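# Survey of secondary and tertiary structure
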Amino acid sequence: MSRRMPLDAASNAEDNGGLDVLFMLFGATLVFFMQVGFALLEVGSVSIRNTKNTLFKNLLDVCCGALTFYLVGYGLLYGEGNGFAGGTKFAMSSGDFDVSFDSSVSKNGVAARSHARFVFAFAFAATSSTIVSGALAERFMFKAYALYSATITGLLYPIVAHWTWSEDGWASPLKAQGSRLFGSGAVDYGGACVVHVTGGLAAFIACIVVGPRVGRFNAGIPMPMPMQSPVFQTAGTMFLWFGWYGFNCVAVGSLESGNAAIAAKAAVATTLVAAAGGGATMLTDAYMWPKKLEPRRMNNGILCGLVAVSGCAGLVEPWAAVLIGAIAGLIYVISSYFLLVWHVDDVVDAVPVHFFGGIWGIIAPALFTNETDYVLRYGHPTDSQEGGICGLFMGCASGGAILGANVVLLISSVAWIGVTSWVSLLLIKRGLGSLRVRVQDEMKGMDASQHGGRSYTEFQTTVFTFKTPGGGEHSMEMRVRAGDAAKFAMALSEVMENSSNGSDRAASRGGSTRSGVSDAATDARMVFKTEEGGEAMPFGGALNNGLVSLDHVVVSDGNVAYANHSVAAPSQTRGVNPPLAGSGGSMPGKFSRSHSQSSHVSLTVVDEDTGSGRASPSLGMTKDGEPFDPFEDANKM
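Residues numbered from 1 in each chain as written. Predicted model: local features only at pLDDT ≥ 70, side-chain atom pairs only at ≥ 80, totals over all residues. Heavy atoms only, no water.

## Things to note about the packing of aromatic side chains
What counts here: Stacked, tilted and edge-to-face are the three classes applied to pairs of Phe, Tyr and Trp rings, where Trp contributes its six-membered ring and a pair requires centres within 6.5 Å; stacked means planes under 30 degrees apart, edge-to-face means over 60, and tilted covers the rest. Under the scheme used here, helices are H or I runs from DSSP no shorter than 4 residues and strands are E runs no shorter than 2 residues, and both carry numbers assigned from the N terminus. Remark: exposure states derive from per-residue accessible area (1.4 Å probe, protein chains only) relative to the maximum for the residue type, with buried under 20%, exposed over 50%, and partly exposed in between. Cation placement over rings: the criterion is NZ of Lys or CZ of Arg within 6 Å of the ring centroid and within 35° of the ring normal.
What the rule picks out here adds up to 26 aromatic pairs. Their ring planes at 80° and their centres at 5.2 Å tell us that Phe33 and Phe239 sit as a pair that is edge-to-face. Taken together, the residues span a long stretch of sequence, with Phe33 in helix 1 (residues 17–45) and Phe239 in helix 6 (residues 230–249) at a distance of 206 residues. Assessed through its relative accessible area of 29%, Phe33 is described here as partly exposed. The rings of Phe69, Tyr74, Tyr78, Phe97 and Phe118 are connected pair by pair, giving a single aromatic cluster. Against the face of Tyr145 rests Lys57, its NZ or CZ located 5.6 Å from the ring centre. Above the face of the Phe217 ring, Arg216 is positioned so that its terminal group lies 5.4 Å from the ring centre.

See the structure below:
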C-alpha cells in the first residue's frame, strides 16, 4: 500500500493486508460507537417529554444512513468519475468487492480492504448526519427529518468527501504528483471540513428555516428551556471523546511504513486538544460568569477542540494541538453567544461546536502541518522528491500552499452545502406541507403525541398546600404521575372555587358553612410543592373561566418548565402570553423570567439563586401600576 494512497484497496493488498483490515474495522467500530455518545448527549439536553423522539431520530440516522450510503453515497465518494463526484460502485457493484474461491490470490485482499473501507466510510457519513439531529430536537417533524438525513448521507457528505479524500477529487492531496491544488492539495486529515462543516452548516441552515422552539426567545431575550440530565450530557461527551480516537487515529488508513507513527501522533493530539478545549471554555466562563459554571458548556468545549484537531491530528506537534484546542474553546464561547444574539435555537450547540469549530479545524492544518508528516501521509508533492509541504508557521518554502487550497475547499464546501441544504429543506417543506410539528404537539411533548406516551411514567409525591386570604393553610399529600401535578392543582382549585361559591350561596340563604371552607374565597391561592421542596406555582380560584388547554402547562420533574396558554376574562381578552422560563439554558446568566397574566391565574417562579418566589401582578397592570405589555414588560417583573 503506497503512502500517497493509504486507503486505496487496489494497491498492494497482500502486503500487511490482514492487519490493515483489522485496523480499519477497529476504527469503524470506534467511530460507530460515537452514535451512543450523540444519543446520550442529545437526550440529556432535551425535555423529558421528548426522550423517545430524540432516541428514535438517532436510530433513524444509522438505519437510513446505512441504506442511503450503500445505494448512492459510497459510489459518489469512491467511485470512478471526475473531480466533482464518483460515478461507479453504487450499491457496491464493483469487482473490488468480489471474493475468490482461492484464498491465496490477491483478489481476496482487495475485497477485504474494500469491505472494510465501506464500513469505515459509512461510520463517518453517519456522524455527519447525526450532528443535525441534536440541533433540531424537540420541534422538527419526523418525516421531514428522515428525508433531510438521507439527503445529507447520500448526497451532501459524499460529494465533499470525494473532493478531498478520493484520488480523483479536485482538491485531494492524494492526486498524482504535480497535479494537486496549489501544489499541496487541501489537507483535511480526519474530516474537520468534510464531516463537521458539512453537518454543522446543514444544522445551521435547518435551524434558521424551521425556527426556534416555542418559548425559546421572548421579546428577543433567550429563555432557558428544560434539560433532562447533565449526567447524560457528560457521559455522552466522554463516549464521543473515546470514539474520536478511532476518528483521528484510523483516518490514516494503514499501519505500514510511517503511517503507524502518524496514528500514534494523532492519539496524542486527540488527548491534548480535548483537554485544552474544555479548559479554555471553563476558564472563559469562570471569568465571565463566575457563579454559572455548567458542565454542559465544558463538554461542548471539549468537543469543539476535538472537531478542530480533526483536520490535522496526525500531522502536528503536541504543542500545536494544545494551542488549537485552546483557540477552539474560545471559538465555542464566542459563537455560542452570537447564536443567541441571532435568535438561532440550537438545542445542543451543534453549530458552534461543529460548524465554527470545523472552520477553525480546516484553517489549523494550513498553519501547523509538519513537512515530514505531510510527506509520510501523502507522499512528495513533486517528482523530484525534494522538499515538501508544511503549514504557514512551520518554516518551509511552500508554507502558504495548504492555506490557499484549504480556503478554496472551505468556500466551495460552504457554497455546496448551503445551497443544497436550503433547496432540500424547501422541497421537503413543499412535499410535506411543514417542517415542524404542530404547536399543540410541541407543547405536549412528542413522546406523548407521536410515540405512544411518555418515557418515564413513575409516580412522585406531591404536596398540595391551600392558602387562604386570611392566612390559613391546609395541605394534602398524594402520589401523582410525573408531569401531572399542574393538572391536579388546577382541578383542585376549581373544586375549591365551586365549594366556596356554594358556601357563599348557603350563607346568603342563612345557612352555615363548614369550618375552613368559607375562608376559600374566589381569590384563594393553591400552591403545590414537590418532594424536592420549593414553592412552584400558585393558582387563582376561577381557573375554569376561559382557560384554553391544560396541556399548555408543563411540569418537568415536578417543577414548572414553562406555561404558555391563552386566557379570556369575561370582560376582556388577551392573546397568547409569553412563556415561563424553566431549567437549563444556553448562556449562563443571560436570561430572565416572564409571567403569564390573567385575572384568574397568578404564577410564581422560584428564583434559582435565592430560592424565593415572585408572584405576578393582575392582568393589565405591572407592579408599578402601569399598563402591562407581556412582551415589553416581561423583564420588569
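There is more to say, and it comes next.
## Some remarks on the packing of helix 10 (residues 350–368) against helix 12 (residues 401–432)
Basically, it comes down to this: Each axis is a line fitted through C-alpha atoms, taken for helices only over the stretch in contact, and angles between the N-to-C directions span 0 to 180 degrees. Under this scheme an angle from 65 to 115 degrees is roughly perpendicular, one under 35 degrees roughly parallel, and one over 145 degrees roughly antiparallel; angles in between are oblique. By definition, turning the near helix anticlockwise from the far helix through less than a right angle yields a left-handed crossing, and turning it clockwise yields a right-handed one. It only takes one pair of heavy atoms within 4.5 Å for two residues to be counted as in contact. Any residue outside Ala, Val, Leu, Ile, Met, Phe, Trp, Tyr, Cys, Pro, Asp, Glu, Lys and Arg is labelled polar, Gly included; the first ten of those are nonpolar and the last four are charged.
At a minimum axis distance of 7 Å, the contact between helix 10 and helix 12 shows a crossing angle of 155°. Considering their axes alone, helix 10 and helix 12 lie roughly antiparallel with respect to each other. Along this stretch, helix 10 crosses helix 12, giving a crossing that reads as right-handed. Contacts from Phe355, Ile359, Ile362, Ile363, Pro365 and Ala366 in helix 10 reach Ile402, Leu403, Asn406, Val407, Leu409, Leu410 and Val414 in helix 12. Partitioned by chemical class, the residues of the contact of helix 10 with helix 12 number 12 nonpolar, one polar and no charged.

## Remarks on the environment of Ala328
By secondary structure assignment, the location of Ala328 is in helix 9 (residues 318–341). As a C-alpha pair, Ala328 and Gly277 span 51 residues in sequence and 5.8 Å in three-dimensional space. Ignoring any residue separated from it by four or fewer positions in sequence, one finds Ala328 in contact with Cys304, Gly305, Ala308 and Trp360.

## Some details on a nonpolar patch on the surface
Threshold: Grouping into patches uses exposed residues only, defined as over 30% relative accessible area, and leaves out salt-bridged ones; the cut-off is 9 Å for like charges and 5 Å for nonpolar side chains (Val, Leu, Ile, Met, Phe, Trp, Tyr). For the accessible areas, the method is Shrake-Rupley and the probe is 1.4 Å, while residue cover comes only from the protein chains on display. Criterion for a salt bridge: a side-chain nitrogen of Lys or Arg within 4 Å of a carboxyl oxygen of Asp or Glu.
On the surface, Leu330, Ile334, Tyr337, Phe338, Val341 and Trp342 cluster together into a nonpolar patch covering about 570 Å² of accessible area. In this structure, Leu330 sits in helix 9. You can call Leu330 partly exposed: its relative accessible area is 40%.

## Examining the nonpolar core
Note the cut-off: We define the nonpolar core as a collection of buried residues of types Ala, Val, Leu, Ile, Met, Phe, Trp, Tyr and Cys that are connected through side-chain atoms lying within 4.5 Å of one another.
Core analysis: the largest hydrophobic core is formed by 126 residues, its most contacted members being Phe69, Tyr157 and Tyr189. A per-element tally of this core places helix 4 (residues 142–165) first, with 13 residues. Setting aside residues no more than four positions away along its own chain, Phe69 makes contact with Tyr74, Leu77, Phe118, Ala121, Phe122, Ala125, Thr153 and Tyr157.

## Regarding unusual backbone geometry
For Ala219, which is not glycine, the phi dihedral falls at a positive 55°. As for its position among the elements, Ala219 is in the loop between strand 1 (217–218) and strand 2 (221–222). Notably, Asp349 is not glycine yet its phi reads approximately 60°, a positive angle. Considering the arrangement of structural elements, one finds Asp349 in the loop between helix 9 and helix 10.

## Points about the environment of Pro295
In this structure, Pro295 sits in helix 8 (residues 295–309). Taking C-alpha positions, Pro295 is 8.3 Å from Gln233, a pair spaced 62 residues apart along the chain.

## Comments concerning the state of the cysteines
Defined simply, a disulfide is a covalent bond joining two cysteines at their sulfur atoms. Basically, it comes down to this: Two cysteine sulfurs form what is called a disulfide whenever their separation falls within 2.5 Å.
Applying the stated criterion across every chain, the model contains one disulfide. Disulfide partner of Cys390: Cys396, at an S-S distance of 1.9 Å. Given an S-S torsion of about -110°, the disulfide between Cys390 and Cys396 has left-handed geometry. Here Cys396 falls in the buried class, since its relative accessible area comes to 18%.

## Quick notes on the confidence of the model for the chain
What counts, and what does not: The predictor's confidence in any single residue is recorded as pLDDT, a number from 0 to 100.
The share of residues in the chain with pLDDT of 70 or more is 68%, and the mean pLDDT across the chain is 77. Confidence drops under a pLDDT of 50 for residues 1–15, and excluding neighbours within four residues, the segment shows 56 contacts in the predicted structure. Long-range and interchain partners of residues 509–637, a stretch whose pLDDT sits below 50, account for 308 contacts in this model, where long-range means more than four residues apart.

## Comments concerning the environment of Phe368
With respect to the helices, strands and loops of the structure, Phe368 is situated in helix 10. Along the backbone, Phe368 and Cys390 are 22 residues apart, and their C-alpha atoms lie at a distance of 7.3 Å. Setting aside chain neighbours within four positions, we find Phe368 in contact with Leu315, Val316, Trp319, Ala320, Leu323, Ile324, Trp360, Gly391, Phe393 and Met394.

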